[in-house]
Each structure stands twice: as C-alpha cells, then as structure tokens.
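So you can see what is in the structure, the chains are spelled out below.
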Amino acid sequence: LALTEDGHRLAQAATDAVATLEAVRHAVRRRAGQQHNQIRIAAPHVMSSVFFPSWLPRLYAQFGQTRLNVTSALLPECMGLLEQGEADFVVAFVDEAGAIAARVPALQDARFERLDLDAETLIPVSAPGMGAGARHDVMRDGRLSFLGYSDDCSLGWALNAALAGRPDLPERVCEHGSSLAESMRLMALAGLGAAWLPLALVREDLAAKQIGRAHV
C-alpha cells in the first residue's frame, strides 16, 4: 500500500497539527507553573511609595522562589482584579470612619479575608515659610491654599470625611490637585499649597526641612 499524492498532503497537515497542539500543551503547562510560583498584588499607586519599599524585601525574604507581580491602579479597579481572580491580594488604605469602604463595597465582601498590616497618618504639610513653620499654615491663614485629591482617589474620600468634622478650620481654596499622592507631594514642595499626605511619604522631606507641618 502507498499513499496517494492527496494522502501525502493530508499526512503532512496532520503532522503539523499534532506538532502545534504539542507546542500549545507545553506552553500551557509552563504558564500554569509560572502562575503557581507567582503572587499577584493589586494596590493603589500611593502604596508604591509608602508600603512596598519596606514590605517587598520582607516578602522576598519569605518567598524568595516566588515571583511578585504588583499592579498599580485606582482602588475600585484593584478590587475588580481581585473579584475576577486576576489578583491574589489587594493592599490598600482604609480609614477609621469607613469613608473608603462606603465607596468601595467590595472591601466589606465576606468572601475576602482582611488583615490589618500597619497604620498610617495623613498630616498637613507645606513648603517652608520665610521664618519658622510652613508657608501655608492651616491654623494661621484665613484662607488656605489647599491641594486636593481628585474625586477618584481613595485618600481624598478619607480626608474629606475627616475634614467635614472640623468646622474650626479656615476656608480652603482648592487651586491644584491630583489623584496621585506623589504628585501632591511635589506640588507641596513647590509651594503651591498645603496638602494632607501620608507621613511615610514625607518623613524624609520633614527631616531634611524641605517641607514643614501645617499645624492643625
């Protein structure tokens, strides 16, 4: 028995198909192995400045053979990745008043276990003034040039809830703002106004006297 010309063409096509399927099978196995040795973390952008610098070395020391994959996004997007199974953990701020959780109900979803890792404080800061103290002082100025977080920033939700309970503060005029705490820090350093920033983000600036506390 011998293959016809059409039979030879069919045999070659079948051989190519089997080789392709084998390549796909090996690729899927490699990808599954890579995912097995990977921790996927989603976090708001601010965490890259205030959380991961100290925590990533500790995670690497504990899981040295595991690849860490960190995705930065707005908090609702981070929780969406967790719900869709595209992230293993979400690292984010929540405030004591519950303003952030109220805006992102998934934070209270019973399917997800929550662990408190650390505590952080928002402090008002400003570029240094001519003498001692900050250029924009919260309690000294009648109208405060205020750097505000944009509406999609979770830190802004917490801050607005906290300031709503402070009728003693002067009128705040929001002239500049951002959804990124690091951008707010740079604007404060440039003297554009006072900003409430995580202490961990400005600790070195305070020590170097590049920025000062706008006292409340």
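Just above, that's the structure.
Described below are features of the structure shown in this document. The shown structure was predicted, so the numbers you read here are calculated from the model rather than taken from an experiment. (Residues numbered from 1 in each chain as written. Predicted model: local features only at pLDDT ≥ 70, side-chain atom pairs only at ≥ 80, totals over all residues. Heavy atoms only, no water.)

## Examining the side chain of R185
No. 1: Following the sequence through the fold, R185 ends up in helix α7 (residues 181-189).
No. 2: Every residue in contact with R185, bar those within four places of it in the chain, is listed here: L197, L201, V202 and D205. (Helix = DSSP H or I, 4+ residues; strand = E, 2+ residues; numbered from the N terminus. Contact = heavy atoms within 4.5 Å.)

## Things to note about empty space enclosed by the protein
No. 1: As enumerated under the stated definition, the model contains 1 cavity of 30 Å³ or more in all.
No. 2: In this structure, the largest cavity occupies an estimated 110 Å³ of space.
No. 3: Contributing to the lining of the largest cavity are 13 residues, with P44, H45, C153, S154 and S179 lying nearest its centre.
No. 4: When its residues are assigned to classes, the lining of the largest cavity shows 9 nonpolar, 3 polar and 1 charged. (1 Å grid on protein atoms, 1.4 Å probe; cavity = no way out; pocket = protein on both sides within 12 Å on 5 of 7 lines; lining within 4 Å. Points joined across faces, edges and corners; volume = space filled by probe spheres on them. Nonpolar A, V, L, I, M, F, W, Y, C, P; charged D, E, K, R; others polar.)

## Some points on the packing of α7 against helix α8 (residues 199-207)
No. 1: Running from amino to carboxyl end, α7 crosses α8 at an angle of 25°, the nearest separation of the two axes being 11 Å. In terms of orientation, α7 and α8 fall into the roughly parallel class. The interaxial crossing formed by α7 with α8 has right-handed handedness. Residues A181, E182, R185 and L189 of α7 touch α8, and the partners they reach there are L201, V202 and D205.
No. 2: Among the residues forming the contact of α7 with α8, the class breakdown is 4 nonpolar, no polar and 3 charged. (Axes fitted to C-alpha atoms, helices over the stretch in contact; angles between N-to-C directions. Parallel < 35°, antiparallel > 145°, perpendicular 65-115°, else oblique. Left-handed = near helix turned anticlockwise from the far one by under 90°.)

## Things to note about the side chain of D205
No. 1: Tracing the chain through its elements places D205 in helix α8.
No. 2: Given the relative accessible area of 4%, D205 is considered buried.
No. 3: Excluding its chain neighbours within four sequence positions, the residues that come into contact with D205 are R185, L189, Q210 and I211. (Buried < 20%, exposed > 50% of the residue type's maximum accessible area, 1.4 Å probe, protein only.)

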